[in-house]
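Chains, contacts and geometry: an overview
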Amino acid sequence: MDGGCQTEEMEAMDRHFWLTRSVARVAGVNLARAMAAGHLKPAQYNDMIARCQSCDRRGTCEVWLATQTDWPALPPAYCAHAPILDELRQIQRPH
């Protein structure tokens, strides 16, 4: 594999890493805190990024993120992260 392909793959992974974190943040979820508390395993986190990479709605997601003004906001219904983010939000919600 040439260096150009590796760079493209890394850029794609980086993009989906940030999309995943951004959707979580807008949803009111701190993924680092969820992992530190043991509510999200590193493998689950990696799976979230992989699911984001396989999603064909990246552009729609980016527009959704750019238009959110009221936080927390539920992720869009098409988001593969919606169920786990809802669960984590319930756990992290202040009591």
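Residues numbered from 1 in each chain as written. Predicted model: local features only at pLDDT ≥ 70, side-chain atom pairs only at ≥ 80, totals over all residues. Heavy atoms only, no water.

Quick notes on the nonpolar core
- Counting 21 residues, the largest nonpolar core has Val 23, Leu 31, Leu 40, Leu 65, Leu 85 and Leu 88 as the members making the most contacts within it.
- Filtering out sequence-adjacent residues up to four positions away, Leu 40 remains in contact with Leu 31, Ala 34, Met 35, Tyr 45, Met 48, Ile 84 and Leu 88. (Core = buried A, V, L, I, M, F, W, Y, C linked by side-chain atoms within 4.5 Å. Buried < 20%, exposed > 50% of the residue type's maximum accessible area, 1.4 Å probe, protein only. Contact = heavy atoms within 4.5 Å.)

As for the packing of aromatic side chains
- Overall, the coordinates contain two aromatic pairs when judged by the stated rule.
- Taken together, a centroid distance of 4.9 Å and an interplanar angle of 85° make the contact between Phe 17 and Trp 18 edge-to-face.
- Residues Phe 17 and Tyr 45 carry aromatic rings whose centres are separated by 6.2 Å and whose planes lie at 70° to one another, so their mutual orientation is edge-to-face. Of this pair, Phe 17 sits in helix 1 (residues 3-26) while Tyr 45 sits in helix 3 (residues 42-54), and the two are 28 residues apart along the sequence.
- Classification of Phe 17 as partly exposed rests on a relative accessible area of 23%.
- Aromatic ring contacts, followed pair by pair, group Phe 17, Trp 18 and Tyr 45 into a single cluster.
- Above the plane of the ring of Tyr 78 lies Arg 57, whose end atom (NZ or CZ) is 3.9 Å from the centre. (Phe/Tyr/Trp six-rings, centres within 6.5 Å; stacked < 30°, edge-to-face > 60°. Helix = DSSP H or I, 4+ residues; strand = E, 2+ residues; numbered from the N terminus. Lys NZ or Arg CZ within 6 Å of the ring centre and 35° of its normal.)

Digging into unusual backbone geometry
- Here the residue pair Trp 71 and Pro 72 is connected by a cis peptide bond, since its omega of -5° sits within 30 degrees of zero.
- Summarising the element assignment, Pro 72 is placed in the loop between helix 4 (58-66) and helix 5 (82-92).

What about the pattern of salt bridges?
- Going through the model one piece at a time under the given rule, you end up with two salt bridges.
- Its salt-bridge partner being Glu 62, residue Arg 58 comes within 3.4 Å of it at the nearest N-O pair. You can see Arg 58 and its partner Glu 62 sitting in helix 4, four residues apart, about one turn around the helix.
- Relative accessible area serves as the criterion here: at 35%, Arg 58 is assigned to the partly exposed category.
- For Glu 62, a relative accessible area of 34% puts it in the partly exposed group. (Salt bridge = Lys/Arg side-chain N within 4 Å of Asp/Glu carboxyl O.)

Thoughts on the confidence of the model for the chain
- With 85% of its residues at a pLDDT of 70 or more, the chain has an overall mean of 88.
- Ranking the elements of the chain by mean pLDDT puts helix 1 last, at 79, and helix 2 (residues 31-36) first, at 96. (pLDDT = per-residue confidence, 0-100.)

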